[in-house]
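The chain contents come next:
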Amino acid sequence: MSAPRIYLVDDDAAVRQALTLLLSTYGMTVEAFADPETFLAHVDPERPGCLLLDLRMPMISGIQLKEKLAARGIDWPAVMITGHGDVNACRRAFRAGVVDFLTKPVDEQVLLDALGTAARALDALMERREAASLLASLTEREREVLDMVCRGWATKEIAAALSVSPRTIDAHRANIAEKLGTCSVADFVRMTLNSRVLGSSTDSAR
Amino acid sequence: MIRRTFAFRSVAALLLVWVGLVAVFAMLMIRNNLSRADAEVEAEGVALHRLLSQRVAQHDAHLTSLAALVQASDPPPAETVRQVATGIMRYYRRILSIRVLEMTPDQVIETLVAVPGEMEGTVMPRFAQLVFGQRAGEARYYVEADRPEHYFLGKRAGSDRRLAIILEIDPNGLLTPEERLSSDRISLSLGPFALTGSAPAVEPGAFATLTFFRPADSTTQPVNLGIERPVSFYKAVAPVPVAAFALFSLLALFAGRYTLIQRHEARHSQQLAALAEERSRLLERETQLAHAARVNSLGELASGIAHELTQPLTALLSQSQAALRLSGPDGDPARLSEALDANVREARRAGEILRRMRDYIARRASERTPIDITDVVDDAATLARADLSRRGITLELDLERPMPRANADPVELEQVLHNLIRNAADSLEERDGPDKRILIRTFDAGETVAIRVSDTGKGISADVLPRLFEPFFTTKNEGMGLGLSLCATLVERAGGTIEAEARPGQGASFLISLPALAERRLAAQ
């Protein structure tokens, strides 16, 4: 796991500076922003990272920020740190995509653990993204074939089911292996499942 | 007022009632006394009437017996008759004289017997002739006009001879003095002739006169018995019982009045007690409110301190942990000292926050001194500015100088301003948009000096406006609703006013007015 990129949003310059310094000693890349608007202005969907958010009004700003990010197709994991008392209220109001809620002042290890969790979540997310995009490159027929392969059917069985020659199925399988970058049936299954998890998790978040 | 309406509150009314009562009682007494006296007079009259009737009947009896005597022989036994007549007169003193007369055939009246003896030569009564004109055996009374104090009773007697017997009667002897009550006037009359007691009918001093009148039961001498009893006012009214009643009723009335007043005052004091209880309940509620305000402002303060200190503490912790890592074997001394510098800065910042808080919470009695409110606004603005700029809010000041001074507690006024600024900032934060401004303006308004705190937030809606300064009224999710209430309390304590100005669509605006000190006029001269 490579050190993830961290997007830090905190309105207090001193806190921004301190957290940036601390996290950089762990080799993390920290991009700090003073408020959600600045962050939204600079955020690039192609440069994924974990969000470390300190929002003055966590419920309202948090939900607003989440909606605006979602509008850009960004659902990166977030860690909330807040100086405001009622963490439970924040948690209830702003659950999806938030891996942890931390109260200020936040201890190094707690922060690192939370960010680690977020990083893993981001990796999983990226992997799913990748699988999904690879699967998306398949033609309809290829997806059909892949589906049957994943169910453990042999080439002959698939050919019989689709009323084509086994040779045609072999050609499809070769194409699929090329597009997905693997010829392992186990990889096929993992990617398919991942993409479904992604789909369902996206559904539930909406 | 209710308590004024009840009777007997005024002694004059009480006395009026009392006089009325006594008058009614006296009237009843008079009626009762008079009717009793009337019954007495009646009883006395009946008794006297019986005596009178008996006595006049005695005269008839004497006449009858004398008539029998004179007719017993012929000529009549004059000597015997005299003796008998003398005997009668001895026993019946009221019979003054007895005569036996005879009318001779030649129509001359002669005296046969006359008792007492000296009567013999006296003038024949004028009515003697009339007696002989009576039927035999008939008796009749006569009164001589020149001697009305006597009356005569003449009886015609004899069969062969024409005889007449005449009794002269003193009516005063009909009733003995002992038989008369001294207070009564008793008069006797016979036909039109008053025999006794010709005193005036009504005595001037008498309150009332009770009368009794009845003729004696006699055909020959129907002597009228008249009784008049003058009743004096004193007797009629019977002052002792009336006085007793007056005294008693006066006492009773005063006792009643006293009781009523007592009861009334008891009720009144009950009302007062209820009122006092109500007042103490209100006071208690006020105390609770003040306590709540205190607790709340303490809570707000605590949460404010917590929030303020969180930032530097977060920075300090993270930076120190970073510094620890930088001070390791493969550390970076340049970045380490940078981190430590930042730490020093943050620690100072925390200290500054604490100092400010200490100044803010330094609780003390309200100390009003002549102050320039512009200075206070300046101080409050300086304290708020850092926080506001962090929140993207601009604070603009429009301060008039020089400004007349006002008598107020600068710390309290700063608290008020702090509350208003914080409210404005909260309101501004709820809205998006670039124009987040708070404007504080001070100006001289003649009799008062004024501070206007306005913002470019969403403003105050009309339905909220009237309740704005009510304790526990809030539109904030986590507010207690005591901030503005406290502001009002503090401003009013300094003799000033605070009001919210309705400016729909223009953001909230609060105007604080404090009375300007008179010294400015002196200074102006």
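Residues numbered from 1 in each chain as written. Chains lettered and ligands numbered in written order. Predicted model: local features only at pLDDT ≥ 70, side-chain atom pairs only at ≥ 80, totals over all residues. Heavy atoms only, no water.

Colleague: Account for the overall build of chain A, with residues named and values stated.
Modeller: Helices and strands together make up the secondary structure of chain A, namely 9 helices and 5 strands. The N-to-C order of helical and strand elements in chain A reads β-α-β-α-β-α-β-α-β-α-α-α-α-α. A buried classification covers 44% of the 206 residues belonging to chain A. Pairs at least 24 residues apart make up 66% of the contacts formed inside chain A by residues separated by at least 6 positions. Working note: accessible area of chain A is about 10100 Å², and carbon and sulfur atoms make up 53% of it. (Helix = DSSP H or I, 4+ residues; strand = E, 2+ residues; numbered from the N terminus. Buried < 20%, exposed > 50% of the residue type's maximum accessible area, 1.4 Å probe, protein only. Contact = heavy atoms within 4.5 Å. Areas by Shrake-Rupley, 256 points an atom, 1.4 Å probe, with all protein chains shown as cover.)

Colleague: Can you break down the overall build of chain B residue by residue, with the values?
Modeller: A count of helices and strands for chain B gives 11 helices and 16 strands. Across the 525 residues of chain B, 41% fall into the buried class. For chain B, the share of sequence-separated contacts (at least 6 apart) that also reach a separation of at least 24 residues comes to 66%. By element, 58% of the accessible surface of chain B is carried by carbon and sulfur atoms, the whole surface being about 28500 Å².

Colleague: Provide a residue-level description of the interface of chain A and chain B, including the pertinent values.
Modeller: Put simply, an interface is often sized by how much accessible area is lost when its parts join up. Facing 23 residues of chain A, the contacting portion of chain B comprises 24 residues. Between chain A and chain B the total buried area reaches about 2200 Å² when both faces are included, carbon and sulfur atoms providing 54% of it. The interface formed by chain A and chain B contains 1 salt bridge. With a closest N to O distance of 2.4 Å, D12(A) and R349(B) form a salt bridge. Linking chain A to chain B there are 8 residue pairs in polar contact (both at pLDDT 80 or more). (Buried area = accessible area lost by both parts, 1.4 Å probe. Salt bridge = Lys/Arg side-chain N within 4 Å of Asp/Glu carboxyl O. Polar contact = N/O pair within 3.5 Å; in protein donor to acceptor, adjacent residues only side chain to side chain.)

Colleague: Give me the sheet that holds strand β5 (residues 162-169) of chain B: which residues, what numbers.
Modeller: Residue and element names in this part refer to chain B. Ordered in space as β2-β1-β5-β4-β3, the 5 strands form an open sheet in which the pairing is antiparallel. One side of each edge strand has no neighbouring strand; the edge strands of this open sheet are β2 (109-115) and β3 (139-142). Taken pair by pair, the neighbouring strands of this sheet meet at an average axis angle of 25 degrees, ignoring direction. Strands in contact with helix α3 (residues 78-91) are β1 (95-103) and β2; relative to β2, the strand with the most contacts, it is inclined by about 50 degrees. (Pairing = 2+ DSSP bridges. Axes fitted to C-alpha atoms, helices over the stretch in contact; angles between N-to-C directions.)

Colleague: For the packing of aromatic side chains, give the residues involved together with the corresponding values.
Modeller: One pass over the full model with this rule turns up 9 aromatic pairs over all chains. Joined through ring pairs, the aromatic side chains of Y7(A), F33(A), F39(A) and W76(A) make up one cluster. If you follow R325(B) out to its NZ or CZ, it ends over the ring of Y26(A), 3.4 Å from the centre. (Phe/Tyr/Trp six-rings, centres within 6.5 Å; stacked < 30°, edge-to-face > 60°. Lys NZ or Arg CZ within 6 Å of the ring centre and 35° of its normal.)

Colleague: Mind laying out the packing of helix α8 (residues 373-390) of chain B against helix α9 (residues 410-429) of chain B, listing which residues take part and the relevant values?
Modeller: Residues and elements named next belong to chain B. Contact geometry for α8 and α9: axes closest at 9 Å, N-to-C directions at 40 degrees. Comparing the axis directions of α8 and α9 gives the class oblique. For α8 against α9, the interelement crossing comes out right-handed. From α8, I373, V376, V377, D379, A380, L383, A384 and L388 reach across to α9, where they touch P410, L413, E414, L417, I421 and A425. For the contact of α8 with α9, the class distribution of residues is 12 nonpolar, no polar and 2 charged. (Parallel < 35°, antiparallel > 145°, perpendicular 65-115°, else oblique. Left-handed = near helix turned anticlockwise from the far one by under 90°. Nonpolar A, V, L, I, M, F, W, Y, C, P; charged D, E, K, R; others polar.)

Colleague: Which residues make up the nonpolar core, and what values go with them?
Modeller: Residues and elements named next belong to chain B. With 52 residues, the main nonpolar core has I98, Y151, I165, L167, V223 and L225 as its most contacted residues. In terms of residues, this core owes the most to one element, helix α2 (residues 11-70), which gives 15 residues. Core analysis: the second largest hydrophobic core is formed by 43 residues, V416, L420, V449 and L490 among them. (Core = buried A, V, L, I, M, F, W, Y, C linked by side-chain atoms within 4.5 Å.)

Colleague: Break down the pattern of salt bridges for me, with residues and values.
Modeller: For the structure on display, the rule yields 33 salt bridges over all chains. With its nearest N and O atoms 2.2 Å apart, the salt bridge here joins K104(A) to D54(A). Pair noted here: K104(A) is in the loop between β5 (98-103) and α5 (108-136) and D54(A) is in strand β3 (residues 50-54), with a separation of 50 residues, a long-range link. Given the relative accessible area of 9%, K104(A) is considered buried. Residue E278(B) is joined to R281(B) by a salt bridge in which the shortest nitrogen-to-oxygen separation is 2.5 Å. Taken together, the positions of E278(B) and R281(B), both in helix α6 (residues 239-326) and 3 residues apart, correspond to about one turn of that helix. E278(B) gets classed as partly exposed once you look at its relative accessible area, which sits at 36%.

Colleague: Summarise unusual backbone geometry; cite the residues concerned and give the values.
Modeller: Between K104(A) and the following residue, P105(A), the backbone shows a cis peptide bond with an omega angle of -10 degrees. Positionally, P105(A) belongs in the loop between β5 and α5. Cis geometry is adopted by the peptide bond preceding P402(B), which originates at R401(B) and carries an omega value of -5 degrees. Its location among the elements puts P402(B) in the loop between β11 (394-398) and β12 (406-408).

Colleague: Lay out the packing of α9(B) against helix α10 (residues 483-493) of chain B with the relevant residues and their values.
Modeller: Residue and element names in this part refer to chain B. Where α9 meets α10, the axes come as close as 9 Å, and the angle between the chain directions of the two elements is 150 degrees. When the axes of α9 and α10 are compared, the pair comes out roughly antiparallel. In the packing of α9 onto α10, the handedness of the crossing is left-handed. Every residue of α10 that contacts α9 at E412, Q415, V416, N419, L420 and N423 is listed here: G483, L484, L486, C487, L490, V491 and R493. When its residues are assigned to classes, the contact of α9 with α10 shows 7 nonpolar, 4 polar and 2 charged.

Colleague: Go over the sheet that holds strand β9 (residues 224-231) of chain B with me, naming the residues and quoting the values.
Modeller: Residue and element names in this part refer to chain B. Here 4 strands make up an open sheet; going across it, the order is β7-β6-β9-β8 and the pairing antiparallel. Edge positions in the open sheet fall to β7 (193-194) and β8 (208-215), since each of these has one partner strand only. Pairing of strand β6 (residues 185-190) with β9 involves 5 bridges; the strand directions are antiparallel. Bridging across to β9, S189 finds its partner in N224. The sheet contacts of α2 involve β6, β8 and β9, and relative to β8 the element is tilted by about 25 degrees.

Colleague: So what's going on with α9(B)? Residues and values would help.
Modeller: One turn of an α-helix holds 3.6 residues; hence residues three or four places apart share an orientation. If you check α9(B), its first and last C-alpha atoms are 28 Å apart, about what 20 residues at 1.5 Å a residue would give, namely 28 Å. Of all 20 residues that make up α9(B), 14 are buried, and the element is covered over most of its length. (Expected span 1.5 Å × (residues − 1).)

Colleague: Tell me about the pairing of strand β4 (residues 151-157) of chain B, and please be specific about residues and values.
Modeller: All names here are of chain B. Of all 7 residues in β4, 7 are buried; the element is thus mostly enclosed. Along β4, one buried face is formed by Y151, L153, K155 and A157 and the opposite face, lined by F152, G154 and R156, is buried too. As paired strands, β3 and β4 are joined by 4 bridges and run antiparallel to one another. Among the inter-strand pairings, R140 is bridged to a residue of β4, identified as G154. Here β4 folds back onto β5 in antiparallel fashion, the turn holding 4 residues, of which G158 has a positive phi close to 85 degrees.

Colleague: Describe in detail a nonpolar patch on the surface, supporting the description with residues and values.
Modeller: Where nonpolar side chains cluster on the molecular surface, the patch consists of V11(B), L15(B) and F254(B) and spans about 210 Å² of accessible area. Tracing the backbone through its elements, the reader meets V11(B) in helix α2. (Patch = residues over 30% accessible without salt bridge, like charges linked within 9 Å, V, L, I, M, F, W, Y side chains within 5 Å.)

Colleague: So, the pairing of strand β14 (residues 448-455) of chain B: which residues are in play, and what are the values?
Modeller: Residues and elements named next belong to chain B. Most of β14 is tucked away: 6 of the 8 residues are buried. Pairing analysis gives 8 bridges linking strand β13 (residues 437-445) to β14, with the strands arranged antiparallel. Within the sheet, the bridge partner assigned to I440 lies in β14 and is V453. In textbook terms, the turn of a hairpin is the stretch between consecutive antiparallel strands, and for β13 and β14 this stretch comprises 2 residues, one of which, G446, has a positive phi near 85 degrees. The pairing of β14 with strand β16 (residues 509-515) spans 7 bridges and is antiparallel. Its bridge partner being in β16, I451 is matched across the sheet by I512.

Read these as geometric descriptors, not functional statements.
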